[in-house]
Amino acid sequence: MARRQPPAPREGRRPLIAGNWKMHLTHLEAIGLVQKLVFSLTEKQLDVAEVVVLPPFTALRSVQTLVTGDQLAVGYGAQDLSAQDSGAYTGEVSGGMLAALACRYVVVGHSERRALHAEDDAVVAGKVQAALRHGITPILCVGEGLDVRRAGTHVPHCTAQLDAALEGLSAEQLTAAGEGTGVVVAYEPVWAIGTGEVATPDDAQEVCGALRSRLAERFGAETAGIVRILYGGSVKAANTAGILAGPDVDGALVGGASLDADEFAQICRIAAEGS
Ligand SMILES: O=C[C@H](O)COP(=O)(O)O
């Protein structure tokens, strides 16, 4: 499938829909899902919206073989990486290993990693830098828990996570690594992940807008205008149009709904066509 130059919506930011499969699907099931997804979408839809799948490590080689062999117009990446490049780190996977599989993206700082694997801001920052060292675009997740949301401090909470994760980076690193944008940011309110409780479009826009403003303060308006900011948390076809209507919401990081090819394809269609 030929790739054309993407159009320039939202000040040049191409919509990105990334499906985080979490710990689901074998490598064989992964192939079936990617095939069904791609053949449910038109070439034009796949040009307008960037569609990415994020399978478990064990399915990456199979997805790579399928995508490159059939020249499918979807990207793929991993759900985590080590902050280290090699060594005695049992169970870890390095950025170099992911780069060898031509991964374009890697999720960093997902709330499930922060909560279940005690990843603090320093670890997350190390992983962002490891991804960039290997030419892989980190999808940096930030987001508040229910207690923070109820206290009304979600904006400073998320901007502080952003600041910590991007510590020491230059504006060029945010926009120039790998293919396309250097860093993607994903706002994922923890209370909306896997709960069916989606943030309202205004909730999503409020925090995505604040994150972009913070990027502008730290790295300049031009850089902030290039970085894509996604929303994640119970995104489904039924709520996609509303969520993506926010001017600072450039796409979605989709969990559960990305495991259903028809549902995920519909989310991608809405991102590509706006309805
Ligand atoms: O990475 C994806 C998010 O955790 C959202 O998951 P969800 O769509 O199942 O709520």
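Sequence positions are assigned chain by chain, starting from 1 and proceeding in written order. Totals for whole chains, interfaces and linings use every residue, but because this is a predicted model, local features are given only for residues with pLDDT of at least 70 and side-chain atom pairs only at 80 or more, for both listing and counting. Computation of side-chain values: all heavy atoms of the structure, hydrogens and water removed.

This part covers the site of the ligand. Residues in close proximity to the ligand total 13 residues, the closest being Lys 22, His 110, Gly 194, Ser 234 and Gly 256. A 3.5 Å cut-off defines polar contacts: any pair of N or O atoms within that distance qualifies, except that in protein one atom must be a possible hydrogen donor and the other a possible acceptor, and neighbouring residues in sequence count only when both atoms are side-chain atoms. One nitrogen or oxygen atom from the side chain of His 110 is found 2.8 Å from an oxygen atom belonging to the ligand. Within the contact set of the ligand, an oxygen atom lies 3.2 Å away from a side-chain nitrogen or oxygen of Glu 188. Relative to its unbound accessible area of 300 Å², the ligand is 95% covered by the protein chains. When residues are sorted by character, Ala, Val, Leu, Ile, Met, Phe, Trp, Tyr, Cys and Pro go into the nonpolar class, Asp, Glu, Lys and Arg into the charged class, and all the rest, Gly among them, into the polar class. In terms of residue class, the shell around the ligand is built from four nonpolar, seven polar and two charged. Being near a molecule or strand, for a residue, means having at least one of its heavy atoms within 4 Å of it. To be clear on the numbers: accessible area is Shrake-Rupley with a 1.4 Å probe, and residue cover counts the displayed protein chains and nothing else.

Further remarks concern the UniProt feature "active site" (unreviewed entry) in the protein. Mapped onto this numbering, the UniProt entry annotates "active site" (unreviewed entry) at His 110 and Glu 188. Sequence-wise these annotated residues cover 79 residues; spatially they are packed, their C-alpha atoms never more than 8.3 Å apart. Taken from the residues named earlier, the lining of the largest pocket is made up of His 110. Segments assigned H or I by DSSP are reported as helices when at least four residues long, segments assigned E as strands when at least two residues long, and all are numbered from the N terminus. Considering the arrangement of structural elements, one finds His 110 in the loop between strand S4 (105-108) and helix H5 (111-116). According to the relative accessible area criterion, His 110 is buried, its value standing at 4%. By definition, residues are in contact when any of their heavy atoms lie within 4.5 Å. Leaving out residues up to four positions away in the same chain, His 110 has contacts with Asn 20, Lys 22, Cys 141, Glu 188 and Ile 193. A polar contact is formed between the side chain of His 110 and the backbone nitrogen of Glu 112, at a distance of 2.9 Å. Relative to the assigned elements, Glu 188 resides in the loop between strand S6 (184-187) and helix H10 (201-219). In this view, Glu 188 contacts His 110, Cys 141, Val 142, Gly 143, Glu 144, Ile 193, Gly 232, Gly 233 and Leu 253; residues no more than four positions away in its chain are not counted. UniProt positions are given in the numbering used here, feature names are shortened, and annotations may be inferred rather than shown by experiment. Whether a set of points on the 1 Å grid over the protein atoms alone is a cavity depends on a 1.4 Å probe fitting there but being unable to get out, while an open set qualifies as a pocket with protein on both sides within 12 Å along at least five of seven lines; lining residues are those with an atom within 4 Å of a point. Here's how the labels work: a residue is buried when its accessible area is under 20% of the maximum for its type, exposed when over 50%, partly exposed in between, all with a 1.4 Å probe on protein chains only.

The angle between two axes is taken between their N-to-C directions and runs from 0 to 180 degrees, where each axis is a line fitted to C-alpha atoms and a helix contributes only its stretch in contact. It is at 9 Å that the axes of helix H12 (residues 237-244) and helix H13 (residues 261-273) come closest, and there the two elements cross at 25°. With respect to H13, the axis of H12 lies roughly parallel. Regarding H12 and H13, the two cross each other, and that crossing is right-handed. For the pair H12 and H13, the contacting residues are Ala 237, Ala 238, Thr 240, Ala 241 and Leu 244 in the first and Glu 263, Gln 266, Ile 267, Ile 270 and Ala 271 in the second. Considered class by class, the residues forming the contact of H12 with H13 number seven nonpolar, two polar and one charged. Orientation categories follow fixed angle ranges, with anything under 35 degrees roughly parallel, anything over 145 roughly antiparallel, 65 to 115 roughly perpendicular, and all other angles oblique. Two helices that cross are described as forming a left-handed crossing if the nearer one is turned anticlockwise from the farther one by less than a right angle, and a right-handed crossing if clockwise.

We now examine unusual backbone geometry. A negative phi angle is the norm for most residues apart from glycine, just as the trans form is the norm for most peptide bonds. Located in the positive-phi region is Lys 22, a residue other than glycine, with phi close to 55°. Summarising the element assignment, Lys 22 is placed in the loop between strand S1 (16-20) and helix H1 (27-40). The phi angle at Gln 71 is positive, at roughly 50°, despite the residue not being glycine. In this structure, Gln 71 sits in the loop between helix H3 (57-69) and strand S3 (75-78).

So, about the UniProt feature "binding site: substrate" (unreviewed entry) in the protein. Under the UniProt annotation, "binding site: substrate" (unreviewed entry) lies at Asn 20, Trp 21, Lys 22, Gly 194, Ser 234, Gly 255 and Gly 256. What stands out for the annotated residues spanning 237 residues is how close their C-alpha atoms remain, the widest pair being 13.7 Å apart. As for the annotated residues, the ones lining the largest pocket are Asn 20 and Lys 22. Considering the arrangement of structural elements, one finds Gly 194 in the loop between S6 and H10. By the secondary structure assignment, Gly 256 is in the loop between strand S8 (251-254) and H13. Accessibility expressed as a relative area gives 59% for Gly 256, which makes it exposed.

Here we come to the packing of H1 against H13. Packed helices, taken two at a time, are described by the angle their axes make and the gap between the axes. Taken N-terminus to C-terminus, the directions of H1 and H13 make an angle of 40°; their axes are 9 Å apart at the nearest point. On the basis of the axis angle, H1 is oblique to H13. Of the two possible hands of crossing, H1 and H13 adopt the one that is right-handed. Contacts between H1 and H13 pair Leu 33, Lys 36, Leu 37 and Ser 40 from the former with Ala 261, Asp 262, Phe 264, Ala 265 and Arg 269 from the latter. Tallied by class, the residues present in the contact of H1 with H13 amount to five nonpolar, one polar and three charged.

The subject of this paragraph is the layout of surface pockets. Roughly 440 Å³ of internal volume is contained in the largest pocket. Together, 17 residues line the largest pocket, and Lys 22, Met 23, Gln 79, Asp 80 and Arg 113 are the ones closest to its centre. With three residues, H5 is the largest single contributor of residues to the lining of the largest pocket. A per-class count over the lining of the largest pocket returns six nonpolar, six polar and five charged. Grid points are joined across faces, edges and corners, and a volume is the space filled by probe spheres set on the points.

Let's shift gears to the confidence of the model for the protein. The quantity known as pLDDT measures the predictor's confidence residue by residue, on a range of 0 to 100. Taken over all residues, the pLDDT of the protein has a mean of 93, while the share at 70 or more is 94%. Confidence drops under pLDDT 50 across residues 1-9; counting only partners more than four residues distant or on other chains, this segment forms 19 contacts. Model confidence for the complex: the whole-complex pTM is 0.94, and ipTM, which rates the interface, is 0.99.

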